[in-house]
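One letter stands for each residue in the lines below.
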Amino acid sequence: MCNVTKFVIGYKTKQTQIQRFLPRMFHSCTGVLRFTIEIIDNAPWLEGQSCIRIELNTPVSHDDIRGWYNFATWENSWVVPSSKRDTPVITASHCDISMMKSLEGYMFTLWSDKGSVPFLNIDVRHTGHMAGPPNEDDNEGTFYFSNEDGNETCLFKPAELIEISRERCEAAFNWDFSQLPNMPRKFHNLPMVCEMKCDRILGAYKVVFERDFENDDLIKII
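Parameters and conventions
- Residues numbered from 1 in each chain as written.
- Predicted model: local features only at pLDDT ≥ 70, side-chain atom pairs only at ≥ 80, totals over all residues.
- Heavy atoms only, no water.
- Helix = DSSP H or I, 4+ residues; strand = E, 2+ residues; numbered from the N terminus.
- Rg over C-alpha atoms; globule rule 2.2 N^0.38 Å.
- Buried < 20%, exposed > 50% of the residue type's maximum accessible area, 1.4 Å probe, protein only.
- Lys, Arg positive; Asp, Glu negative; His and termini not counted.
- Charge placed at Lys NZ, Arg CZ, Asp CG, Glu CD.
- 1 Å grid on protein atoms, 1.4 Å probe; cavity = no way out; pocket = protein on both sides within 12 Å on 5 of 7 lines; lining within 4 Å.
- Points joined across faces, edges and corners; volume = space filled by probe spheres on them.
- Nonpolar A, V, L, I, M, F, W, Y, C, P; charged D, E, K, R; others polar.
- Salt bridge = Lys/Arg side-chain N within 4 Å of Asp/Glu carboxyl O.

Engineer: Could you clarify how one ought to interpret the overall build of the protein chain in this entry?
Structural biologist: The helix and strand tally for the protein chain stands at two helices and 13 strands. The C-alpha radius of gyration of the protein chain comes to 17 Å, within 12% of the 17 Å expected for a compact globule of 222 residues. In terms of its C-alpha atoms, the protein chain occupies a principal-axis envelope of roughly 45 × 40 × 35 Å. Burial analysis of the protein chain (222 residues in total) assigns 50% to the buried set. Here the protein chain carries 23 positive and 31 negative side-chain charges, and the mean point of each set is 5 Å from the other.

Engineer: Is there a simple way to think about the layout of surface pockets in this case?
Structural biologist: To locate leftover empty space, one rolls a probe as large as a water molecule over the atoms. Of the volumes computed, that of the largest pocket is approximately 390 Å³. In this structure, the largest pocket is lined by 21 residues; those nearest its centre are Lys-6, Arg-34, Asn-139, Thr-142 and Glu-160. Sorting the residues of the lining of the largest pocket by element identifies strand S3 (32-41), strand S4 (51-62), strand S9 (141-148), strand S10 (151-158) and strand S12 (200-211) as the ones contributing at least two each. For the lining of the largest pocket, the per-class residue count stands at six nonpolar, six polar and nine charged. In this model, the second largest pocket occupies a volume close to 330 Å³. Lining the second largest pocket are 17 residues, and of these Pro-23, Tyr-69, Phe-145, His-188 and Asn-189 sit closest to its centre.

Engineer: What is the right way to read the pattern of salt bridges from this model?
Structural biologist: Opposite charge on two side chains permits pairing when their charged atoms draw close. This model, assessed by the stated rule, comprises seven salt bridges. Salt-bridge contacts for Glu-75 lead to Arg-53; the nearest nitrogen and oxygen are separated by 2.8 Å. Linking Glu-75 in strand S5 (residues 65-76) with Arg-53 in strand S4, this pair joins segments that are 22 residues apart in sequence. Each member of the pair, Glu-75 together with Arg-53, is buried. Overlapping salt bridges bring together Glu-38, Arg-53, Glu-75, Glu-160 and Arg-211 as one network.

Below, the structure written as structure tokens:
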């Protein structure tokens, strides 16, 4: 078990552009990109430290499965590979992630290898308005796709059931494309994905829960 504080921010963009950056086996379901931010505490693979993980995903279908396609994952630079972790090692790119917490909310900043200018800022504000659990009927999990030197790998992580109520939030973000760090080859489309215009923020929420690793199985698609 570990403790997770999770933030989700969805925003509207052009579906036709998203489809251009997906592998042929995936089909875009709608013109949405989503940040998932997790503050993870007490995980067995963190050796007593806390980790911040940020994913950029979009809703897709593959065969008869509907879920989220992972465009990129960032984790704190100190996190080391471990077979005990809860998501595939191959998906994560290390960077410096800072967090500022206040009474109003949270500010997350991702820094490039240059270490002087952030390439992404995400601001999440509390509203105090509560809603039901954040589970989605059309979300069966997340696809983590990697293509390195012509070798394709796709791992599917089934969606976890969260029975805790969520807090609706207000959110904003901004990219500095010129500061995007060097990413693994599997993320070669990321700069173009980041440059897609945010038409509007669709919604944001925060939920705090415990994650169970015992049933956390990954399914290899290819």
